[in-house]
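Commentary on secondary and tertiary structure
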Amino acid sequence: MTDSSDLIICEYCDSVYQRPPLARNERAHCQRCNAVIERRPWLGLDQLLALNLTAGMLLAFVSFYPILSVQNQGRNNAASLADSVWALVDGPISAIAAVVGASLILVPALQVTLLTWLLSFAHFRQRAPGFRWSMRTLEVLRPWSMLEVFLLGALVSVVKLTGRVEAAPAAGLFALAALTLLMIGIAGRDLRLLWKQVP
Ligand SMILES: [Zn+2]
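Worth saying up front: this structure is predicted, and the values here are computed from it rather than measured.

**Thoughts on the coordination of the zinc ion**
Within the first shell, the zinc ion binds the protein through C10 (SG), C13 (SG), C30 (SG) and C33 (SG), at distances of 2.3 to 2.4 Å. Of note, the donors binding the zinc ion are all from one chain and are spaced C-x2-C-x16-C-x2-C. Placement of C10 in the loop between β1 (7–9) and β2 (16–18) and of C33 in the loop between β3 (27–29) and β4 (36–39) is noted, with a sequence separation of 23 residues between them. Look at C33 and you get partly exposed, because its relative accessible area is 35%.

**Here's the deal with helix α3 (residues 94–123)**
The terminal C-alpha atoms of α3, which comprises 30 residues, lie 42 Å apart, in line with the 44 Å expected from a rise of 1.5 Å per residue. The sharpest bend along α3 reaches about 45 degrees and sits at A102. Of the residues trailing α3, R125 is marked for its positive phi of about 55 degrees.

**Considering the pattern of salt bridges**
A full pass over the atoms with the stated rule returns two salt bridges. With its nearest N and O atoms 2.9 Å apart, the salt bridge here joins E38 to R19. Separated by 19 residues along the polypeptide, E38 in strand β4 and R19 in the loop between β2 and β3 bring together distant segments of the chain. Across the salt bridge formed by E139 and R142, the nearest N and O atoms sit 2.4 Å from each other.

**Quick notes on the packing of aromatic side chains**
Within the structure shown, the criterion is met by two aromatic pairs. For the pair F61 and Y65, a centre-to-centre distance of 4.3 Å together with 5 degrees between the ring planes defines the contact as stacked. Between the aromatic rings of W117 and F121, the centroid separation amounts to 4.8 Å while the plane-to-plane angle is 65 degrees, which identifies the pairing as edge-to-face. Remark: F121 and W117 occur in helix α3; sequence separation between them is four residues, near one turn of the helix. Cation over ring: R127 sits above F131, and NZ or CZ is 4.5 Å from the ring centre.

**Here we look at the side chain of Q111**
Take Q111: it is sitting in helix α3. Other than its neighbours up to four places away in sequence, Q111 contacts L138, L141, R142, S145, M183 and A187.

**Points about the nonpolar core**
Nonpolar side chains in soluble globular proteins tend to be buried together. Core analysis: the biggest nonpolar cluster contains 45 residues, and L179 and L194 have the highest contact counts within it. Elements supplying a minimum of two residues to this core: α1 (45–64), β5 (68–72), α2 (81–90), α3, α4 (131–141), α5 (147–161), α6 (171–186) and α7 (193–197). Excluding its chain neighbours within four sequence positions, the residues that come into contact with L179 are A55, L58, L59, V62 and L147.

**As for unusual backbone geometry**
For N34, which is not glycine, the phi dihedral falls at a positive 70 degrees. Mapped onto the fold, N34 is located in the loop between β3 and β4. Residue classification places N34 among the exposed residues on the basis of a relative accessible area of 53%. At R125, a position not held by glycine, the phi torsion is positive, near 55 degrees.

**Overview of the domain arrangement of the protein**
For the protein, the domain assignment lists domain 1 (1–40) and domain 2 (43–197). Its C-alpha centre places domain 1 at a distance of 32 Å from the equivalent point of domain 2. At the junction of the two partners, domain 1 supplies five residues and domain 2 supplies five residues. Buried area between domain 1 and domain 2, summed over both chains or domains, comes out near 360 Å², and the portion from carbon and sulfur atoms is 28%. When the buried surface of domain 1 facing domain 2 is broken down by residue, E11, R19 and R24 rank first, second and third, together holding 63% of it.

Rules used in this analysis
Residues numbered from 1 in each chain as written. Predicted model: local features only at pLDDT ≥ 70, side-chain atom pairs only at ≥ 80, totals over all residues. Heavy atoms only, no water. Donors = N, O, S within 2.8 Å, 3.2 Å for Na, K, Ca; no water. Helix = DSSP H or I, 4+ residues; strand = E, 2+ residues; numbered from the N terminus. Buried < 20%, exposed > 50% of the residue type's maximum accessible area, 1.4 Å probe, protein only. Expected span 1.5 Å × (residues − 1). Bend = angle between axes of the 7 residues up to and from the residue. Salt bridge = Lys/Arg side-chain N within 4 Å of Asp/Glu carboxyl O. Phe/Tyr/Trp six-rings, centres within 6.5 Å; stacked < 30°, edge-to-face > 60°. Lys NZ or Arg CZ within 6 Å of the ring centre and 35° of its normal. Contact = heavy atoms within 4.5 Å. Core = buried A, V, L, I, M, F, W, Y, C linked by side-chain atoms within 4.5 Å. Domains from an automatic or database assignment. Buried area = accessible area lost by both parts, 1.4 Å probe.

Laid out in structure tokens, this is it:
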């Protein structure tokens, strides 16, 4: 009898296939609707773990180091990600601070923590305690990380402010750009390989 983990179902037309052996960076397409049914990523689990740890360090950096530096009438103001959230807490729309804090700091921090937990055990070919819950939570969290939206907003702010005041991107902005790319590459990717590679 065929092990059900050897079978794969097309998400678009429900055709069932035997899982094909794939080389790194290869894809398998559904013969009926041509959708991608399986892909083998070019990054292995250990590389993902290394990138994930890097993302954790970058997140800590952008949370507390300035992203934008503004000079106006001799006064210098610099704001980090955490400063942006605190500025909203003190302002007239303080309720928004909770949403911004969650989508910019809490959700990415949870994603990095859960991935580090899962991938650290996967390094030793073991399933981490709470594996199923962690995998489901990562899927739920995926749409709630808004780092790329904030990055876009920060870039627009630098462009708009230049000319009115002396505004310059600080080291945190470059770290934020790197973190955003990493989070899209790590947390945004299909993590189903963990189910297969860590039995
Ligand atoms: Zn199909």
